[in-house]
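Understanding the architecture of this molecule
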Amino acid sequence: MQIGPDIYPDHHFLLIAPNLGSEWLFDAARQYWERYRPTVVSSTRFMGLVPPDKTVTVTVVARRDIEPDIARQMIVTAPNAYYDPVVFEAFDDAKAELNRRAEQGQPFGMPLSIPTPTYDPNMPVVIPTATHPPGFITQTPDPALLTPESTRQQINPTPGPITGG
């Protein structure tokens, strides 16, 4: 499947450039993260772990000085990923763009062709139930399956260290 800015991927990563402080994540990208819940990563190496049959989009918050290096790393580690740079020199400008994306439902800067899955804190939590009857681990074992006392062997500790020293 061809990935682009109008398609929500199987995996969405948010990378804050390493030369930016934590306030870029916790303040500037807070509303964006709360809306889309991307996986926050600190390096492009994580994208190489995604199976090739899954679609990936990486939203990168960076300044102009380091953004070309991150783009080159992306080409090597995840050549099929959609690269979504959010490049601003000023903290307030980056925050405004990320907040705009969150408010308008545009995680990658333009409207999506399929609605974006969002986190709803008011949605009830569904606890999955067992799909099969309990097994040996969840119930008392059948005494017939236990080894009789007469066939058990005594385990004696060996003298000396395990490494043979």
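First, a word on scope: everything that follows refers to the structure included in this document.

Definitions and cut-offs
- Residues numbered from 1 in each chain as written.
- Predicted model: local features only at pLDDT ≥ 70, side-chain atom pairs only at ≥ 80, totals over all residues.
- Heavy atoms only, no water.
- Pairing = 2+ DSSP bridges.
- Helix = DSSP H or I, 4+ residues; strand = E, 2+ residues; numbered from the N terminus.
- Axes fitted to C-alpha atoms, helices over the stretch in contact; angles between N-to-C directions.
- Core = buried A, V, L, I, M, F, W, Y, C linked by side-chain atoms within 4.5 Å.
- Buried < 20%, exposed > 50% of the residue type's maximum accessible area, 1.4 Å probe, protein only.
- Contact = heavy atoms within 4.5 Å.

1. Considering the sheet that holds strand 2 (residues 39–41)
Ordered in space as 2-1-3-4, the 4 strands form an open sheet in which the pairing is parallel. Unpaired on one side and paired on the other, strand 2 and strand 4 (82–87) mark the two borders of the sheet. Between one strand axis and the next, the sheet turns through 25° on average, direction left out of account. Pairing analysis gives 6 bridges linking strand 1 (residues 11–16) to strand 3 (residues 56–62), with the strands arranged parallel.

2. Brief notes about the nonpolar core
Proteins that are soluble and globular tend to have nonpolar side chains buried together. Judged by nonpolar contacts, the single largest core of 33 residues is most densely connected at Met-47, Val-58, Val-61, Ile-70 and Met-74. Broken down by secondary-structure element, the contributors of at least two residues to this core are strand 1, helix 1 (23–28), helix 2 (30–36), strand 3, helix 3 (67–77), strand 4 and helix 4 (91–104). Per element, the largest residue contribution to this core is 5 residues, and it comes from strand 3. Residues contacting Met-47, with those up to four places away along its chain left out, are Phe-13, Leu-15, Val-41, Val-56, Val-58, Met-74, Thr-77 and Ala-78.

Everything listed here is a matter of coordinates, which is why it stays silent on function.
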